[in-house]
Amino acid sequence: MDEQSVWLGSLRRPARLMMLFTIAVTFLTAGWLIVGQLFLGSNVGMHQMLRPGGLPVVQLMLWSLLAALLSTSIYLSDTVGAIEDEPQGFFDILSLVTSRLAMMGVVFVVLVMFYEVVARYIFNKPTLWANELSLWIAAFVFLFAGQYAMQQRSHIRIYIIYDLMPRWAQKMSDCVSVFLIWVFAFALVWGGWNEARDKILRMETFGTAWDPPIPATIKAAILFIICLVAVQALSNLIADWHKAPEHHSPADDIDEDEIRKLRETLGEDGNG
Amino acid sequence: MVDIGTLSLILLLAMFALLAIGMPLGFASAFLAVATLVMKFGPDVLFGDVMSGDFGKFGRGPLNVLGQAVYRQMTNYVLISVPLFIFMAALLERTGIARDMYSSLNIWLSRTRGGIAIVTSIMAVIMAAMSGIIGGEVVLLGLIALPQMLRLGYNQNLAIGTICASGSLGTMIPPSIVLIFYGLVTETSIKALFTAAFVPGFMLASFFIIYIIVRTRLNPDQAPLPPPDPGDPEVGEKRKLFLAFLACLVICATAVLTLRALFFTVTGANDVTVGVDPILLGMVSDLPWLIGALLVALALILFVFGRERTLRGWNLGKGLVAPIVVIGVVLGSIYGGITGITEAAGMGVIAVFVISVLRREMSFDVVWDSLMRTLKSTGTIIWVTIGAASLAAAYTLAGGPTFVANTIVGMDLPSMGIILVMMFIFLIMGMFMDWVGIVLLIMPVFLPIVLKLPIEDIGYFGQLQPSHVAIWFGVTFCMNMQVSFLSPPFGPAAFYLKSVAPPHISLTDIFKGFLPFIGIQLMALSVLLIWPGIVSVFL
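Residues numbered from 1 in each chain as written. Chains lettered and ligands numbered in written order. Predicted model: local features only at pLDDT ≥ 70, side-chain atom pairs only at ≥ 80, totals over all residues. Heavy atoms only, no water.

**Q** Pulling in residues and values, what's your account of helix α6 (residues 167-202) of chain A?
**A** Residues and elements named next belong to chain A. With 36 residues, α6 extends 50 Å between its outermost C-alpha atoms, agreeing within 8% with the 52 Å of an ideal straight helix rising 1.5 Å per residue. Of all bends in α6, the biggest is about 55°, found at Gly 192. The first or second residue beyond α6 is Met 203, which carries a positive phi of 55°. (Helix = DSSP H or I, 4+ residues; strand = E, 2+ residues; numbered from the N terminus. Expected span 1.5 Å × (residues − 1). Bend = angle between axes of the 7 residues up to and from the residue.)

Rendered as structure tokens:
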């Protein structure tokens, strides 16, 4: 791995080691739990994952999973993909880290669903947790995806008139946009604060068999992440302030890199 | 505070203004949701007397509906299918499945006039049935089929129009992301929408193919035949090879179904129980039929076609197997009663992944790159949903949809007139706006109106069942959005094709090539309007 580091610099190697170590611990613990569940008759399962009280192995599992997710996102955010802009400040990097978390989330959702379908239709033993778990993960994926799309400036906008404006007017428009995004974030927090606070203090649960604290966590996460999105919007405004006027067309959605890769997949002659 | 009529007008104007200054659509709607609440309740109710230091209203009040609307979207199980379908399409693009499918299809039709154009359309239909996203499809078809057609001297407009119009079918043939969003917004059964879209979707595709055939028969020089390939089998022989290949497919399919039915029988999952729907093709009574079909196909191969010919047919056609498996997994999961839409999308991801691993085309980079694209598109689409959901919640609280519906119904226009006006609005908006924005912002206002119209006035032939009106309108909307992919000045398909077309083809050329195909789409749309019962065929 001699790729250029984006922001970790000399910390890249330690970050990589940290990632490998935490992943190893997570897998070992998970493997131990699975072996215990299958062969040793332990009853530590998904139910205990939400209620770890007094079970050190579950505590270890949860903390190592958290550490593995975070260190992996940090390490992976150190490389930007061909379709991504270079990060230009602290909040760009933060968005990249959370985006890595969300990308892994998509994979987890797929795996959880696959597990559930196999368990339900082949072993006829539906799980109690797969549905809620994928909901829970997906909610974070959706929220972080918005932050990522904001950092990548890929939210849907209509440029017909914007492109006709002189640069100073574009700047004014951007200021207005960012200000209105802040108004929305402010209103959302203003209206939702008490509910989110009460739910997270009560650790309100979903009311199903597995009973994950979806309302408690998601309500708070919405308020928190909308603030991150608003901050990211401001950060974009500052970063783009001195850029030359840009012109947009729907062709911007297409990246040359993707087409190059498609051509590679299709072979030199491109005609099969 | 402000009456609902004024409020609606202000909202409309403000929306135009905000979009004009280039504010992201989702956030513009989200801000307007706040504005709606302020206009409805007045700042005092929402914020209290902050100026004199009283923060007693902080943390509660009507503004909480915004958070609740966002929360409802975030915990919507069906919405999870969106990133999964995008992920699946992204993975699919990076495999060679499409190329192999093209070669396989092309063999059977290489001696037919306009063959490559027809192959392009058929391929687009198959790809549309695998995933529900456009964009990738037009690019892929552009890369694979365009060079071939131009090299053979096909008419450029015909080639361009075929690729882009067929490539846009992705959102018309199930699974379709447009219908998923329509179902979410209007709380219509997505499975029913998919079922209803089958006939109109295939109708549109067959219109394209008929048009290609007629056009190339009338003007043979628009689609010259390729020089015969000496290794190519004769036409009669080809037909037999194709039938032999079909027999192979039948064997595979019946074998899988038989195993499935046997498995159910062993586990007792298909015991006949009163009140439980029988499993499609999975009951004990289906076994003789399945095994019978299997034996017939086997006998055909052994005694009619011969083993050698079958092998040859299989080798020529095997590029079609992977797509059929993917379609079987996705649509089979939905219609076989195995899973819902969301899990079907998840299974589709797994199927594409496994196929691509078997083809040795998978790597960490491919997955990671696809995930990046997935997340970017997801963020873009979902956050329009968040904004629109907030706006819809606020506007409903203010009594907006009822007001609009009453106004329009009270205007005493003929029902079909109202619907035609709506279609016109969709077409115009589709020229400038993404379908996501239209379905999320306009549908909550339009559908209640349609539901209030007298049912006997809808359409000219046949009668729509009252429970099918929402489904019909969804499919009609979907057909309408087909036009928006092609319509100038911003038809996305044109830009996708431009990025892969040879440089001498300009955007104007591309849009010129679209014209007859837009005409066909409008014709299909009018079939839906004249004969709405077409959606009920399979319902």
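**Q** Could you give me a rundown of the interface of chain B and chain A, with the residues and numbers involved?
**A** Contact residues are listed per partner, giving 83 residues for chain B and 84 residues for chain A. Counting the surface lost from both chain B and chain A, the interface buries some 7,900 Å², and carbon and sulfur atoms represent 75% of this. Put simply, chain B and chain A have one salt bridge between them. Note that Glu 343 of chain B is salt-bridged to Arg 120 of chain A, the shortest N-O span being 2.7 Å. For the pair chain B and chain A, the interface holds five residue pairs in polar contact (both at pLDDT 80 or more). Ranked by residues supplied to the side of chain B that touches chain A, first place goes to helix α16 (residues 364-397) of chain B with 15 residues. When the residues that make up the side of chain B that touches chain A are grouped by side-chain class, the tally is 51 nonpolar, 21 polar and 11 charged. (Contact = heavy atoms within 4.5 Å. Buried area = accessible area lost by both parts, 1.4 Å probe. Salt bridge = Lys/Arg side-chain N within 4 Å of Asp/Glu carboxyl O. Polar contact = N/O pair within 3.5 Å; in protein donor to acceptor, adjacent residues only side chain to side chain. Nonpolar A, V, L, I, M, F, W, Y, C, P; charged D, E, K, R; others polar.)

**Q** Would you mind going over the packing of aromatic side chains in detail, with residue names and values included?
**A** Counting across every chain of the model gives 21 aromatic pairs over all chains. Ring plane angle 5° and centroid distance 5.9 Å describe the contact between Phe 198 of chain B and Phe 202 of chain B, whose orientation is recorded as stacked. Here Phe 198 of chain B pairs with Phe 202 of chain B, and both are found in helix α10 (residues 190-218), just four residues apart, close to one helical turn. By relative accessible area, Phe 198 of chain B is classed as buried at 19%. On the accessibility criterion, Phe 202 of chain B (38% relative accessible area) is partly exposed. Between Phe 364 of chain B and Trp 368 of chain B, the aromatic rings sit 5.8 Å apart at their centres with planes inclined by 15°, giving stacked as the arrangement. Placement of the pair is Phe 364 of chain B and Trp 368 of chain B together in helix α16, with a separation of four residues, close to one helical turn. Taking relative accessible area as the criterion, Phe 364 of chain B reaches 54% and is therefore assigned exposed. Put simply, the rings of Phe 426, Phe 446, Trp 472, Phe 473 and Phe 477 of chain B touch in pairs and so form one group of aromatic residues. It is Arg 157 of chain A that lies over the ring of Tyr 162 of chain A; its NZ or CZ is 5.1 Å from the centre. Taking NZ or CZ as reference, Lys 219 of chain A lies 4.5 Å from the ring centre of Tyr 71 of chain B, over its face. (Phe/Tyr/Trp six-rings, centres within 6.5 Å; stacked < 30°, edge-to-face > 60°. Buried < 20%, exposed > 50% of the residue type's maximum accessible area, 1.4 Å probe, protein only. Lys NZ or Arg CZ within 6 Å of the ring centre and 35° of its normal.)

**Q** Hey, could you go over the nonpolar core for me, with residue numbers and the actual values?
**A** Residues and elements named next belong to chain B. Within the largest apolar cluster, 254 residues are counted, with the highest numbers of intra-cluster contacts made by Met 74, Phe 426, Trp 472, Phe 473 and Phe 514. Among the elements that make up this core, the one with the highest residue count is α16 (15 residues). Aside from chain neighbours lying at most four places away, what touches Phe 473 is Tyr 182, Met 422, Met 423, Phe 426, Met 443, Phe 446, Leu 447 and Val 450. The next biggest cluster of nonpolar side chains, apart from the first, holds seven residues, and it includes Ala 247, Ala 297, Ile 301 and Phe 305. (Core = buried A, V, L, I, M, F, W, Y, C linked by side-chain atoms within 4.5 Å.)

**Q** Account for a nonpolar patch on the surface, with residues named and values stated.
**A** On the surface, a cluster of nonpolar side chains totalling about 740 Å² of accessible area is made up of Ile 291, Leu 295, Val 296, Leu 298, Leu 300, Leu 302, Phe 303 and Val 304 of chain B. Counting through the fold element by element, Phe 303 of chain B comes out in helix α12 (residues 287-305). (Patch = residues over 30% accessible without salt bridge, like charges linked within 9 Å, V, L, I, M, F, W, Y side chains within 5 Å. Areas by Shrake-Rupley, 256 points an atom, 1.4 Å probe, with all protein chains shown as cover.)

**Q** Which residues make up the packing of α10 of chain B against helix α23 (residues 507-530) of chain B, and what values go with them?
**A** All names here are of chain B. Relative orientation of the contacting elements α10 and α23 amounts to 140°, with a least axis distance of 10 Å. One finds that α10 runs oblique with respect to α23. In the crossing of α10 with α23, the sense of the turn from one axis to the other is right-handed. Every residue of α23 that contacts α10 at Pro 200, Met 203, Leu 204, Phe 207, Phe 208, Tyr 211 and Arg 215 is listed here: Pro 516, Phe 517, Ile 520, Gln 521, Met 523, Ala 524, Val 527 and Leu 528. Partitioned by chemical class, the residues of the contact of α10 with α23 number 13 nonpolar, one polar and one charged. (Axes fitted to C-alpha atoms, helices over the stretch in contact; angles between N-to-C directions. Parallel < 35°, antiparallel > 145°, perpendicular 65-115°, else oblique. Left-handed = near helix turned anticlockwise from the far one by under 90°.)

In short, geometric facts, not functional conclusions.
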